[in-house]
Amino acid sequence: MKTIPYVLFALLAACSSNPENPQSDAAPDVATNDAAPDSAGDAAPTDAGAASLSTVVSFDATSYELPEGLAVHDGKAYVGFAPTGTIVSIDSNGTRADYAHVPAGGTNGYTLGLAFGSQGELYVLQTLNVPDSGAPVPGVYKVPAGGGSVTTPFATDPAFGFPNGAAFDGKGNLLVADSAAGRIFSVTPQGAVSTWSQDAELAGSTTCNAPLPFPIGVNGIVFTPTAAYVSNTANGSILKIDVDGSGNAGAVSVVVKDCQWVGFDGIALDKDGTLLAAINGAPGKLVRVTTSGAVTVLGSSAPLDGPASVAFADGWNGQRVALVTSSAFFSKAPAPSLLAFGPL
């Protein structure tokens, strides 16, 4: 098993670095998109000028309510708190309720990507940071429809280190982007694990000299029948992975790669074929990326505070919005929250 030799909470207390700008001052999750189009086009950004960020609900940083993973299901947002293993449901009025629990990792492991299956079951990704007696087993945890507590993984593998982003392929397999392994795994409905894609572009590097806790590689992921799109945090890149008619991974190509975008985290595929991407930092950015590599900044100030995951929500108070978890991982004055960007 790969392990990650760092303690994030030490950085929470004392971080003064910003991976958005390696020369300045904060940041290093998965978004799911329940209604991704069949293919990603090359449309220009279409956000109305009235679209803006607003706070749906604020969380308590002193209780380690640091939101990372995000999924939208049946009109509600589901948010995972990275250190505690708690997943809460949140409606459009900001009312929250406990939904599920996986083993709390603290500094030893984080609860990251979330994805709902076709039967309402929730798949939760758990990392391994420090291999001691309190560390959770890294891998995929499966919460039954309706929620509950799960203590053992549904799927794990010795190569898992930092399972981060999750998305389903067209056959019901869960694709897991591992930021430490620098590869994408496929997990069958029976829990069998294999490598789906491995390429040098998926691995993190130190080229951008970003003050990340480790070279965080492939992170967010979305899937279409013809291509998967992934982010690479340390490299500041969005990548395209060709998909053949059988769902197998093909060539990996660069959509955009620039050190100014270090911190790319969760991504979501919009109806027009463009990607919304979180760039984690302090405060971080929300951007739109076309498949030709054009990047438009949609937000770069409060209430953003370490944006991690993005997911679209239709009918959210009668509007279509993009929901964003603001993790506050590297903020000097943490303000974790669930945000809405819209109307779209």
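Bear in mind that the values here come from a model prediction, so they are computed numbers and not experimental data. (Residues numbered from 1 in each chain as written. Predicted model: local features only at pLDDT ≥ 70, side-chain atom pairs only at ≥ 80, totals over all residues. Heavy atoms only, no water.)

Peer 1: Sorry, what's going on with the overall build of the chain here?
Peer 2: Secondary structure summary: the chain contains one helix and 24 strands in total. With an accessible surface of roughly 11900 Å², the chain has 49% of that area assigned to carbon and sulfur atoms. (Helix = DSSP H or I, 4+ residues; strand = E, 2+ residues; numbered from the N terminus. Areas by Shrake-Rupley, 256 points an atom, 1.4 Å probe, with all protein chains shown as cover.)

Peer 1: Can you help me understand the environment of Gly165 in this one?
Peer 2: Tracing the chain through its elements places Gly165 in strand β10 (residues 163-168). Gly165 sits in the buried class, given a relative accessible area of 0%. A sequence separation of 41 residues divides Gly165 from Val124, and the C-alpha atoms of the two residues are 9.8 Å apart. (Buried < 20%, exposed > 50% of the residue type's maximum accessible area, 1.4 Å probe, protein only.)

Peer 1: How should I be thinking about the sheet that holds strand β8 (residues 139-143) in this particular structure?
Peer 2: Two orientations exist for strands paired in a sheet by backbone hydrogen bonds: parallel and antiparallel. Here three strands make up an open sheet; going across it, the order is β6-β7-β8 and the pairing antiparallel. Among the strands making up the open sheet, the edge pair consists of β6 (111-116) and β8. The average undirected angle you get between the axes of adjacent strands in this sheet is 25 degrees. Pairing of β6 with strand β7 (residues 122-126), which is carried by four bridges, proceeds in the antiparallel orientation. Bridged to Ala115 within β7 is Tyr123. (Pairing = 2+ DSSP bridges. Axes fitted to C-alpha atoms, helices over the stretch in contact; angles between N-to-C directions.)

Peer 1: I tried to follow the nonpolar core on my own but got confused; where do I start?
Peer 2: When a protein is soluble and globular, its nonpolar side chains tend to lie buried together. In terms of nonpolar packing, the biggest core is built from 17 residues, with Val79, Ile90, Leu323 and Leu338 touching the most fellow members. The set of elements that each furnish at least two residues to this core consists of β1 (52-58), β2 (67-73), β3 (76-81), β4 (86-90), β22 (307-316), β23 (319-326) and β24 (337-342). The contact partners of Val79, leaving out residues within four places of it in the chain, are Phe59, Pro67, Gly69, Leu70, Thr86, Ile87, Val88, Ile90, Leu114, Thr325 and Leu338. (Core = buried A, V, L, I, M, F, W, Y, C linked by side-chain atoms within 4.5 Å. Contact = heavy atoms within 4.5 Å.)

Peer 1: How do you make sense of the state of the cysteines when you look at a structure like this?
Peer 2: What makes a disulfide is a covalent bond joining the sulfur atoms belonging to two cysteines. Taken as a whole and judged by the stated rule, the model has one disulfide. Sulfur-sulfur distance for the disulfide between Cys208 and Cys259 comes to 2.1 Å. The sign of the -80 degrees torsion about the S-S bond sets the Cys208-Cys259 disulfide as left-handed. Of this pair, Cys208 sits in the loop between β13 (193-198) and β14 (218-223) while Cys259 sits in the loop between β17 (249-257) and β18 (264-269); the two residues are 51 residues apart in sequence, bridging distant segments of the chain. A relative accessible area of 9% places Cys208 in the buried class. (Disulfide = S-S within 2.5 Å.)

Peer 1: Help me understand the pattern of salt bridges, please; the structure alone is not making it clear to me.
Peer 2: Once their charged atoms are close, side chains differing in charge can pair, the charge on each being opposite to the other. Tallied over the full model, the rule gives seven salt bridges. As a salt-bridge pair, Asp270 and Arg320 come within 2.8 Å of each other at their nearest N and O atoms. Placement of Asp270 in the loop between β18 and β19 (275-279) and of Arg320 in strand β23 is noted, with a sequence separation of 50 residues between them. The exposure class assigned to Asp270 is buried, which follows from its relative accessible area of 5%. Under the relative-accessibility criterion, Arg320 is labelled buried at 15%. One salt bridge connects Lys271 with Asp314, and the closest N-O pair in it is separated by 4.0 Å. Here the residue Lys271 occupies a position in the loop between β18 and β19, and Asp314 occupies one in strand β22, the gap between them amounting to 43 residues. (Salt bridge = Lys/Arg side-chain N within 4 Å of Asp/Glu carboxyl O.)

Peer 1: Would you mind going over unusual backbone geometry with me for this structure?
Peer 2: Leaving glycine aside, a negative phi is the common case for residues, and trans is the common case for peptide bonds. Here the residue pair Ala282 and Pro283 is connected by a cis peptide bond, since its omega of 5 degrees sits within 30 degrees of zero. Topologically, Pro283 is positioned in the loop between β19 and β20 (285-289). For the bond running from Ala302 to Pro303, omega is 15 degrees, close enough to zero to count as cis. Within the element layout of this structure, Pro303 appears in the loop between β21 (295-299) and β22. The backbone phi angle of Asp74 is positive, close to 50 degrees, even though this residue is not glycine. Residue placement: Asp74 occurs in the loop between β2 and β3. Residue class for Asp74 comes out exposed when judged on its relative accessible area of 69%. Its identity as a non-glycine residue notwithstanding, Asn209 has a phi of 55 degrees, on the positive side. Here Asn209 shows up in the loop between β13 and β14.

Peer 1: Can you walk me through the sheet that holds strand β12 (residues 183-187) in this structure?
Peer 2: Pairing is antiparallel across the open sheet formed by four strands, whose spatial order is β10-β11-β12-β13. Edge positions in the sheet fall to β10 and β13, since each has one partner strand and no second. Strand-to-strand twist across the sheet, computed as the mean angle between neighbouring axes with direction ignored, equals 30 degrees. Here β10 pairs with strand β11 (residues 174-178) via five bridges, running antiparallel. Bridging from a neighbouring strand, Gly165 pairs with Ala177 of β11.

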